[in-house]
Amino acid sequence: MTDIRYILFGRDWKGILSRIACFGVFFIFAVYPNFEMILIDGDSMVPTLTHGQLIILNKHTYKSDHPAVNDIVVIVEHHDNTKIVKRLVAGPGSTISIKDGFLCINGIINDAGPVFNGAGLDKVLCSNIPEFCYFYIGDNRVDSSFGIVGIEQIQGKVMFYE
């Protein structure tokens, strides 16, 4: 009967080192290109993510699936290639407006807090989000940018944060 230690590690140091080298090559070529570690810079995602927090981005998530509402994503801005971390709050076909300072999605007030401390502010931001586009905003609604982003600008989904 074969011992499991022999299968995993081999009989000598050469076997152990060759398996470690194989794992290293696998990691470099298969795992590393699909993930990226990003340091949060700013307070637009407070309280979910804070300044200086480290997150792991899965770049492969949306190659086989579409983003979902409430996904936290990394967006690459076209004008300067900076990366921003935001939450997707609405998808294609949705209507986005502000009523009495609160973000409304399809006429329903989003309970995450007021936008810009804008009490009394009523405005339609987008009456119909285009296909393959999403509306994003940070969790800190008072101190966050927002807008519509095409799926090609979404670099991936945030998979891990503490």
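A.B. asks: Just to check I follow, could you spell out the packing of aromatic side chains for this structure?
C.D. replies: The way to describe two aromatic rings as a pair is by their centre distance and the angle between their planes. The final tally for this structure, using the stated rule, is one aromatic pair. Residues phenylalanine 135 and phenylalanine 146 carry aromatic rings whose centres are separated by 5.8 Å and whose planes lie at 40° to one another, so their mutual orientation is tilted. You can see phenylalanine 135 sitting in strand β9 (residues 133–137) and its partner phenylalanine 146 sitting in strand β10 (residues 146–150), a full 11 residues away along the chain. Residue class for phenylalanine 135 comes out buried when judged on its relative accessible area of 2%.

A.B. asks: Got a minute to help me understand unusual backbone geometry in this structure?
C.D. replies: Negative phi characterises most residues that are not glycine, and trans characterises most peptide bonds. Between valine 46 and the following residue, proline 47, the backbone shows a cis peptide bond with an omega angle of 10°. Locating proline 47 in the fold gives a position in the loop between β1 (35–39) and β2 (54–58). Within the chain, asparagine 106 stands out as a residue other than glycine whose phi angle is a positive 55°. Its location among the elements puts asparagine 106 in the loop between β6 (102–105) and β7 (108–114).

A.B. asks: Just to check I follow, could you spell out the sheet that holds strand β8 (residues 123–126) for this structure?
C.D. replies: Through backbone hydrogen bonds, the strands of a sheet pair up, either in parallel or in antiparallel fashion. What the four strands build is an open sheet, ordered β7-β6-β5-β8; its pairing is antiparallel. For this open sheet the edge positions go to β7 and β8, each flanked by a neighbour on one side alone. Across this sheet, the average inter-strand angle for adjacent strands is 30°, counted without regard to direction.

A.B. asks: Looking at this model, I keep getting lost on the nonpolar core. Mind explaining?
C.D. replies: Side chains of nonpolar character tend, in soluble globular proteins, to be buried together. Counting residues in each nonpolar core, the largest one holds 12 residues, listed as Val89, Ala90, Ile96, Ile98, Leu103, Ile105, Val115, Cys126, Ile129, Cys133, Phe135 and Ile137. Every element with two or more residues in this core is listed here: β4 (83–90), β5 (96–99), β6 and β9. At three residues, β9 tops the list of elements feeding residues into this core. Among all residues touching valine 115, those that are not within four sequence positions of it are Ile98, Gly101, Phe102, Leu103, Ile137 and Arg141. Counting 10 residues, the second-largest nonpolar core is a separate cluster that includes Ile40, Met45, Leu49 and Val85.

A.B. asks: Quick question: what am I supposed to make of the side chain of glutamate 36 here?
C.D. replies: Summarising the element assignment, glutamate 36 is placed in strand β1. A polar contact of 2.7 Å, which involves the side chain of glutamate 36, links it to the side chain of lysine 83. Apart from residues no more than four positions distant in its own chain, glutamate 36 is found in contact with Ile55, Ile56, Leu57, Lys59, Lys83 and Gln155.

Parameters and conventions
Residues numbered from 1 in each chain as written. Predicted model: local features only at pLDDT ≥ 70, side-chain atom pairs only at ≥ 80, totals over all residues. Heavy atoms only, no water. Phe/Tyr/Trp six-rings, centres within 6.5 Å; stacked < 30°, edge-to-face > 60°. Helix = DSSP H or I, 4+ residues; strand = E, 2+ residues; numbered from the N terminus. Buried < 20%, exposed > 50% of the residue type's maximum accessible area, 1.4 Å probe, protein only. Pairing = 2+ DSSP bridges. Axes fitted to C-alpha atoms, helices over the stretch in contact; angles between N-to-C directions. Core = buried A, V, L, I, M, F, W, Y, C linked by side-chain atoms within 4.5 Å. Contact = heavy atoms within 4.5 Å. Polar contact = N/O pair within 3.5 Å; in protein donor to acceptor, adjacent residues only side chain to side chain.

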